[in-house]
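# Observations on chain architecture
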Amino acid sequence: MTFKKTLLASLVGATLSLPLAAIAQTDDVTLRVAYDADPVSLDIHEQLSGGMLQLSHLTFDPLVRWTQDFEFEPRLATDWEQVDDTTMRMTLRDGVTFHSGNPFTAKDVVWTVERLKRSPDFKAIFDPVASVTAVDDQTVEFKTKKPYPLLLNLATYIFPMDSEFYSGTTGAGKDKSEIVKNGNSWASTNVSGTGPFKVTQRQQGVKVEFERFEDYWDENSPGNVDHIVLTPISENATRVAALLSGDVDFIAPVPPNDLERVRADEDVKLVTMSGTRIILLHMNQDRVEAFKDPRVRQAFAYAVNQEAIADRLMKGFATPAAQLSPEGYQGHNPNLEPRYDLEKAKQLMKEAGYEDGFSISMMAPNNRYVNDAQIAQAVAAMLARINVKVDLKTLPKAQYWPEYDARAADLMLIGWHSDTEDSANFYQYLTECPDPDTGAGQYNAGMYCNPEIDKIVAEANLETDREKRSQMLQSVEKALYDDAAFVPLHWQDLAWAAQDEVQIEPVLNVMNFPYLGDVVVTQE
Amino acid sequence: MIAFLIKRLFHALLVMFVISVISFAIQDNLGDPIQQMVGQSVPESERAALREELGLNDPFLVQYLRFAKNAVQFDFGYSYFFNEPTTDVILRHLPATLELVAAATFLIVTLSVPIGVYSAIKPRSPLSRLFMGVSIVGISIPVFLTAIVLIQIFSIGISVTPFPETTGWGSWLNGLLSTEGGMPAYGRGNDLTHVVGTWYTNFASWDSLTYLVLPAISLASIMLPLFIRLIRAEMLEVLQSDYVKFAKAKGISMRRIYFLHALKNTMLPVITVGGVQIGTLVAFTILTETVFQWPGMGLMFLDAIERSDIPLIITYLMVVGLIFVITNTLVDLIYGLVNPTVKLTGKPA
């Protein structure tokens, strides 16, 4: 019966697929991209998220951008110099035009930074910037409130917008530059940047179409793609199927369960990189008295086998972590290793007087991070070995975050990517003493508080000497490790896949901003 | 008739009212929409301001009254994600779903009637047994599995190599069992034809029709076995009835008995069940649409849940309630046409 069914199936398939073979060939190179979601808006200041930054790199150019090995590459800024502790001067690229035809000058940079400081999502990370002034058309001067070592990191977020295009009022009398979260602002549907691609058509949730900008300034860019069609395919299996069947040319992310399948296919290629998003567990000291004892926290850290999770559960698609900072970050301390040791964990529990263990509640999302619910289950099983009984509840992300904000469980899972690609961002959000007024420790669900560590972080944030700053941040990682402030699990790897003729390797990076303007599609 | 329709209109309004109250009551459990709108590092003060601006801090009754006041003027609020009125969003997604359901219904009707009738007339023939066997398998396979298997076979393609490639027959069999793939695996394609308003159709060109094939087959696969079995069972029962025996005795040709006299009575319960099931199809194409990323209402609804897009969720649920009332009404009307002894208003004839 199955034989007959397959036979029939292949006959039907053969007849149905015939007309598809005759697809017309054109000289234009179109890159069909499928991501798990499409950008929520065309206003790049409306939301600070990976998707919006990916869009920014298509339609705009930053002042500087990251290379694959965490160096700064000049884009719209060609040169920069530190004038004094709080002043930096940047020289801007000459002869750059916006999609609208307006020339790009220093006033656009000033206008953009001022708008960033008004954006609810960006204003916090641009807070250290006191002022930006245009010295002349080709030079801008940044002044920071205090000495600030991360100004170039911030510059990767400054995608100059066309100030003339975005100024004035619409027919309905609304300000064209306004940033509206929930509503139809002018900037959310109109765009003029300096980037390699113009938006030609967009249907929210269905697709975005881009066309190469004919007057793009970067004539050295090897990129040869004329059109991009970006389609959101949220279902993992369908996204992979679309690539394997040749319906799309480039997909991200590739789900871990399909890695082998994609790798085995001869017509497509898979690229993976160790990522920068740390997955960790917070142990809430306000809810569980035992977590105030560092020995109990250490016992938890010893009881969790990061290598096993990364190897077996994540199928090697994760890098086991013993700290927050991934390799390449200033704070990454190469001496810290995952420390799984069950005997040690049991002994520490005994010393702390919890030999018989205790019961705790645990919550984790089930659709936010790769295999998040399974990771939580694995951790619960590992903790059972030191007699800790875990009552685990997993939730969809939409329901998880309100619970997280309410600190609703004793053990909570979170993943964090540093917006500034710098270690200090981790400490600011995840380990600083929580203070609702300043927003410090906003995601510190462990309620861990060590003023001495916070002091070193604060000093490091004023230290402009790279070498010294790196030493300070590494000592912070060591202190957090010794104190077992949290249970680190792993850095989630990144994976992309594309048809063989699409040369994606050179344009990918751990920030997950594929520089599609520079991508080359080999033609026969 | 008019009285019947007016009564149904009130039903619809009542259903929509109840749905809206229930969805409003549970909206706090649907997640925090603010979380979806802002980046993770946005401070709590900014979130609070946005929450206040959207009126999410108001008590339940205030929020509901505000919603109800607008709703009676057909304003169901703005989708948080699409930044458009929720009714516009739904109207834009509705045609895709309706076309998918129409295609699936077409498959169901054209296949289930002949197969069902055939296996009732010849219950012992090997072909009937095959149909019944396949339909048992079909009814037990979940739709997303059917969908993924279809994608693997027809979109990606499979290569079969168990037979010796060197021999002529082995190579022939391998070739026969392998598939090329090439069918579109997702979405509606780029070649839609505009009909009217928000309606773009897949039916107008061969190329866009190919996009419809796999989703329609998977969607039909849930209902098809059910209909085959239903028609077969009804037909078997009718064939036992006295009037069929009498017709046979009278010497009327078997073809006329089967397809004119018996089939008519077979279809009565099928229409009742069928109408309600098609209504269910419209409302719950969620799984099929998700696997094929078919941009219809089901996929839209699932995304809305993921994004905590509460206004859209509520409007969708109300629209689904409305669709159920409408299909039930239509079923009753058709039933009245097919069986004149049934009176819609319930009064004796």
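Remember, predicted model here, so these are calculated numbers, not experimental data.

## Digging into the domain arrangement of chain A
Residue and element names in this part refer to chain A. We note that the domain assignment places domain 1 (5-61 + 165-273 + 494-521), domain 2 (64-155) and domain 3 (274-493) within chain A. Placing the centre of domain 1 and that of domain 3 at their C-alpha centroids yields a distance of 34 Å. Opposite the eleven residues of domain 1 that make contact, domain 3 presents ten residues. Between domain 1 and domain 3 the total buried area reaches about 860 Å² when both faces are included, carbon and sulfur atoms providing 62% of it. At the surface where domain 1 touches domain 3, the tally comes to zero salt bridges. At the junction of domain 1 and domain 3, the tally comes to two residue pairs in polar contact (both at pLDDT 80 or more). Contributing elements (two or more residues each) for the side of domain 1 that touches domain 3: strand S12 (268-283) and strand S17 (487-499). Across the side of domain 1 that touches domain 3, the residue classes tally to nine nonpolar, two polar and no charged.

## A closer look at the state of the cysteines
Residues and elements named next belong to chain A. Summed over all chains, the structure comprises one disulfide over all chains. Covalent S-S linkage joins cysteine 433 and cysteine 449, the inter-sulfur distance amounting to 2.1 Å. With the S-S bond torsion at 90°, the cross-link from cysteine 433 to cysteine 449 turns out right-handed. Of this pair, cysteine 433 sits in the loop between helix H12 (423-431) and helix H13 (451-460) while cysteine 449 sits in the loop between H12 and H13; the two residues are 16 residues apart in sequence, bridging distant segments of the chain.

## A look at the environment of glutamate 46 of chain B
Assignment of secondary structure puts glutamate 46 of chain B in helix H3 (residues 44-53). Overall, glutamate 46 of chain B belongs to the buried group, its relative accessible area being 18%. Discounting residues that sit within four places of it in the chain, glutamate 46 of chain B has contacts with Pro120 and Lys123 of chain A.

## Considerations on the UniProt feature "transmembrane region" (unreviewed entry) in chain B
All names here are of chain B. Under the UniProt annotation, "transmembrane region" (unreviewed entry) lies at residues 9-27, 100-118, 130-154, 209-231, 266-292 and 312-338. End C-alpha to end C-alpha, residues 209-231 measures 29 Å, and it is 100% helix and 0% strand. For residues 312-338, helix accounts for 100% and strand for 0%, while the C-alpha atoms at its two ends are 38 Å apart.

## Some thoughts on the sheet that holds strand S4 (residues 77-84) of chain A
Residues and elements named next belong to chain A. Pairing in this open sheet of four strands is antiparallel, and the strands run S4-S5-S7-S6 from one edge to the other. The two strands at the open ends of the sheet, each matched to only one other strand, are S4 and strand S6 (129-136). The average angle at which neighbouring strand axes cross in this sheet is 20°, direction not considered. Sheet topology note: the S6/strand S7 (residues 139-144) ladder contains six bridges and is antiparallel. The partner of aspartate 136 across the bridge, within S7, is threonine 139. Those strands touched by helix H3 (residues 106-116) are strand S5 (87-92), S6 and S7, and its axis lies near 165° from that of S6.

## A short note on a negative patch on the surface
Residues and elements named next belong to chain A. Negative charge collects at one region of the surface, where Glu266, Asp267, Asp500 and Glu501 lie side by side. Summarising the element assignment, glutamate 501 is placed in the loop between S17 and strand S18 (502-503). You can call glutamate 501 partly exposed: its relative accessible area is 37%.

## Observations regarding the pairing of S12 of chain A
Residue and element names in this part refer to chain A. The element S12 is largely enclosed, with a buried count of 13 among its 16 residues. As judged from the eleven bridges shared by S12 and S17, these two strands associate in the antiparallel manner. Bridge pairing links arginine 277 to glutamine 492 in S17. Alignment of S12 against strand S16 (residues 411-416), held across six bridges, turns out to be antiparallel. Of the residues in S16, the one forming a bridge with isoleucine 278 is tryptophan 416.

## Considerations on the pattern of salt bridges
Any two side chains of opposite charge can pair, given that their charged atoms come close. All names here are of chain A. What the rule picks out here adds up to 28 salt bridges over all chains. In this structure, aspartate 518 engages arginine 65 in a salt bridge whose closest nitrogen and oxygen atoms are separated by 2.7 Å. Of this pair, aspartate 518 sits in the loop between S18 and strand S19 (520-521) while arginine 65 sits in strand S2 (residues 64-66), and the two are 453 residues apart along the sequence. Residue classification places aspartate 518 among the buried residues on the basis of a relative accessible area of 15%.

## Considering the pairing of S5 of chain A
Residue and element names in this part refer to chain A. Judged from the six bridges that link them, S4 and S5 form a sheet pairing that is antiparallel. Bridge assignment links tryptophan 80 to a residue of S5, and that residue is methionine 90. Between the end of S4 and the start of S5, which pair antiparallel, lie two residues.

## Regarding the packing of aromatic side chains
By the definition in use, this model includes 31 aromatic pairs over all chains. Ring centres 5.2 Å apart and planes at 65° place the aromatic pair tyrosine 400 of chain A and tryptophan 401 of chain A in the edge-to-face group. Of the residues examined, tyrosine 400 of chain A reaches a relative accessible area of 0% and is grouped as buried. Taking 4.9 Å as the distance between ring centres and 85° as the angle between the ring planes, the aromatic pair formed by phenylalanine 81 of chain B and phenylalanine 82 of chain B counts as edge-to-face. A relative accessible area of 11% places phenylalanine 81 of chain B in the buried class.

## Remarks on the side chain of glutamate 46 of chain A
Residue and element names in this part refer to chain A. Inspection of the secondary structure assignment puts glutamate 46 in the loop between strand S1 (30-35) and helix H2 (50-59). Given the relative accessible area of 5%, glutamate 46 is considered buried. Engagement of the side chain of glutamate 46 in a polar contact is seen with the side chain of serine 41, the distance being 2.9 Å. Beyond its immediate chain neighbours, meaning those up to four positions away, glutamate 46 contacts Ser41, Asp121, Ile179, Val180, Lys181 and Ser188.

## Points about a nonpolar patch on the surface
All names here are of chain B. Residues Ile136, Val137, Ile139, Ile141, Phe144, Leu145, Ile148, Val149, Leu226, Val273 and Leu287 make up a contiguous nonpolar surface patch of roughly 820 Å² in combined accessible area. Contributing elements (two or more residues each) for the nonpolar patch: helix H6 (126-140) and helix H7 (143-156). For leucine 145, the position within the fold is in helix H7. On the basis of relative accessibility, which here comes to 40%, the residue leucine 145 falls in the partly exposed class.

Definitions and cut-offs
- Residues numbered from 1 in each chain as written.
- Chains lettered and ligands numbered in written order.
- Predicted model: local features only at pLDDT ≥ 70, side-chain atom pairs only at ≥ 80, totals over all residues.
- Heavy atoms only, no water.
- Domains from an automatic or database assignment.
- Contact = heavy atoms within 4.5 Å.
- Buried area = accessible area lost by both parts, 1.4 Å probe.
- Salt bridge = Lys/Arg side-chain N within 4 Å of Asp/Glu carboxyl O.
- Polar contact = N/O pair within 3.5 Å; in protein donor to acceptor, adjacent residues only side chain to side chain.
- Helix = DSSP H or I, 4+ residues; strand = E, 2+ residues; numbered from the N terminus.
- Nonpolar A, V, L, I, M, F, W, Y, C, P; charged D, E, K, R; others polar.
- Disulfide = S-S within 2.5 Å.
- Buried < 20%, exposed > 50% of the residue type's maximum accessible area, 1.4 Å probe, protein only.
- UniProt positions renumbered as here; feature names shortened; annotations may be inferred.
- Pairing = 2+ DSSP bridges.
- Axes fitted to C-alpha atoms, helices over the stretch in contact; angles between N-to-C directions.
- Patch = residues over 30% accessible without salt bridge, like charges linked within 9 Å, V, L, I, M, F, W, Y side chains within 5 Å.
- Areas by Shrake-Rupley, 256 points an atom, 1.4 Å probe, with all protein chains shown as cover.
- Lys, Arg positive; Asp, Glu negative; His and termini not counted.
- Charge placed at Lys NZ, Arg CZ, Asp CG, Glu CD.
- Phe/Tyr/Trp six-rings, centres within 6.5 Å; stacked < 30°, edge-to-face > 60°.

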